[in-house]
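One-letter residues, chain by chain:
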Amino acid sequence: MTLLQPPLALLLDVDGPLASPVTRQVTPGIIADLIDLVRRNIPVVFNTGRSDAFITEQLMRPMLEAGLPDGSVVHAICEKGAVWFSFTPSGPGPIHVDRELAMPTAFGDDIRELVARSYADHMFFDETKRAMVSVEQHIEVESGSYLAEQVKFDDDALALLATHDLGATRLEHRAPASSGSVDYRVDPSIISTDIESVRLGKDLGASRAVELLAAQGIVPQSWRTVGDSRTDYAMADWLHHHDHHVIHVDVRPADGVPSKPYTIQTAADLNLGEEVVNDFSGAAFLQHWLDELAR
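On a predicted model such as this, the values are computed, not experimentally measured, just so you know. For every chain, the first residue of the written sequence is number 1, and numbering continues from 1 onward in sequence order. Reporting of local features is limited, given that this is a predicted model, to residues whose pLDDT is at least 70; pairs of side-chain atoms are given and counted only at 80 or more, and all residues count toward the totals for whole chains, interfaces and linings. The side-chain values count all of the structure's non-hydrogen atoms but skip hydrogen atoms and water molecules.

Q: Sorry, what's going on with the packing of aromatic side chains here?
A: Aromatic ring pairs are reported here in terms of the distance separating the ring centres and the angle at which the planes meet. The rule is short: rings of Phe, Tyr and Trp, with Trp giving its six-membered ring, pair when the centres are within 6.5 Å, and they are stacked under 30 degrees, edge-to-face over 60, tilted in between. Applying the stated criterion across every chain yields a total of 3 aromatic pairs. Taking the centre distance of 6.3 Å and the plane angle of 35° together, the rings of Phe-85 and Phe-87 count as tilted. Exposure class is identical for Phe-85 and Phe-87. Each is buried. Centroid distance Tyr-119 to Phe-153: 5.6 Å. Interplanar angle 90°. Geometry classified as edge-to-face. Here Phe-153 lies in helix H4 (residues 143-163) and Tyr-119 lies in helix H3 (residues 105-119), a separation of 34 residues in the sequence. The exposure class assigned to Phe-153 is buried, which follows from its relative accessible area of 1%. Lysine NZ or arginine CZ positioned within 6 Å of the ring centre and within 35 degrees of the ring normal marks a charge as sitting over the ring. Above the face of the Phe-54 ring, Arg-50 is positioned so that its terminal group lies 4.0 Å from the ring centre. Categorising residues by exposure relies on relative accessible area from a 1.4 Å probe, with only protein chains included: less than 20% of the type maximum marks a residue as buried, more than 50% marks it as exposed, and the intermediate range marks it as partly exposed. Runs of E in the DSSP output that reach at least two residues are strands. Runs of H or I that reach at least four are helices, and both are numbered from the N terminus.

Right, dumping it as structure tokens:
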């Protein structure tokens, strides 16, 4: 196999950097730039907590309709590493699910019932997840109202985990199982809560991304990881720890930019204002990389 060493590869969170947290959709301009990067032989890998169904609807189908270049492969790592698939101009390949990382079905059923009974006005149960259990804010619900209900929901979710004797953590709170183990995590974001194995994360997604590209004979000279939260730094952490050159882009630095041993960039590095965040910042960086490649 011939070794390919593109100048960079992209490992992209989806919510925030690509999909608007308001509309939950990806703009045609971002789709066009992703296609252009693929056309320039830049590996594009999505690394997201979203389901494969969401990636299919918001990224794969628009990219196929826009004209994915012949011979190209795009990888999608979903549910923080528990689910993954790849697609080509011919469409999607098989969907892989790591069943060892899936939440117990009975617990998911209880969360579905909880949402229907107590939280349906603010959030919905995500029926597309294969391994995680997730709820998400209704688009029409005001953010502050959702976040207030989210705290109550998360407390109820922790109580249900205890009922199933599933040890779990939420932020600084730890509630071990009767065995003393803490195998699960309640992970809130600004629009959702994921309940998942503690083994899931953007670092697992980074590991899968390197493996998927290596199977194609691709070893990038450098990586660009992009996220909108502190947990997204885990993909850059993993790459740096395993001796890959990486630059991380934070499209929502208001959460605080931590000190890291690798370069971190924000919209300010492109001479853009503090108001340029989320998918607007993501779009600016995609265009920036295209401009650099054109030089």
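And the narrative resumes.
Q: Which parts of the structure should I look at to understand the nonpolar core?
A: Soluble globular proteins tend to pack their nonpolar side chains together in the buried interior. Counting 41 residues, the largest nonpolar core has Phe-46 and Met-63 as the members making the most contacts within it. Taken together, the elements giving at least two residues each to this core come down to strand E1 (9-12), helix H1 (28-39), strand E2 (44-47), helix H2 (52-66), strand E3 (74-78), strand E4 (83-88) and helix H7 (278-294). A total of 6 residues in this core trace back to one element, the largest contributor, which is H1. Once you skip the residues sitting within four places of it in the chain, Met-63 turns out to touch Ile-31, Leu-34, Ile-35, Val-38, Phe-46, Leu-68, Val-74 and Phe-87. In terms of nonpolar packing, the next biggest core, distinct from the first, is built from 22 residues, Val-115, Met-123, Leu-160 and Leu-161 among them. Grouping buried Ala, Val, Leu, Ile, Met, Phe, Trp, Tyr and Cys residues that are joined through side-chain atoms within 4.5 Å yields what is termed a nonpolar core. The contact criterion used throughout is that any non-hydrogen atoms of two residues lie within 4.5 Å.

Q: Whenever I open this one, the environment of Ile-195 confuses me. Can you help?
A: Mapped onto the elements of the fold, Ile-195 is located in strand E12 (residues 192-197). Between the alpha carbons of Ile-195 and Asn-271 there is a distance of 38 Å; along the sequence they are 76 residues apart. Beyond its immediate stretch of four places on either side in the chain, Ile-195 contacts Met-103, Phe-107, Ile-111, Met-132, Val-133, Phe-153, Ala-157, Leu-161, Arg-185 and Val-186.

Q: I keep staring at the pattern of salt bridges and nothing clicks. Help me out?
A: Here the idea is simple: oppositely charged side chains can pair when their charged atoms come close. By salt bridge we mean one thing: a side-chain nitrogen of Lys or Arg within 4 Å of a carboxyl oxygen of Asp or Glu. Under the counting rule described, the total for this entry stands at 21 salt bridges. Put simply, Arg-39 and Asp-36 hold a salt bridge, and the shortest N to O gap is 3.9 Å. On the criterion of helical spacing, the pair formed by Arg-39 and Asp-36 is a turn pair, its members being 3 residues apart in helix H1. Judged by its relative accessible area of 23%, Asp-36 falls in the partly exposed class. Across the salt bridge formed by Arg-112 and Glu-127, the nearest N and O atoms sit 2.9 Å from each other. Highlighted residues: Arg-112 in helix H3 and Glu-127 in the loop between strand E7 (123-125) and strand E8 (133-137), separated in sequence by 15 residues. One salt-bridge network, in which partners are shared between bridges, spans Lys-80, Lys-129, Arg-185, Asp-187, Asp-194 and Glu-196.

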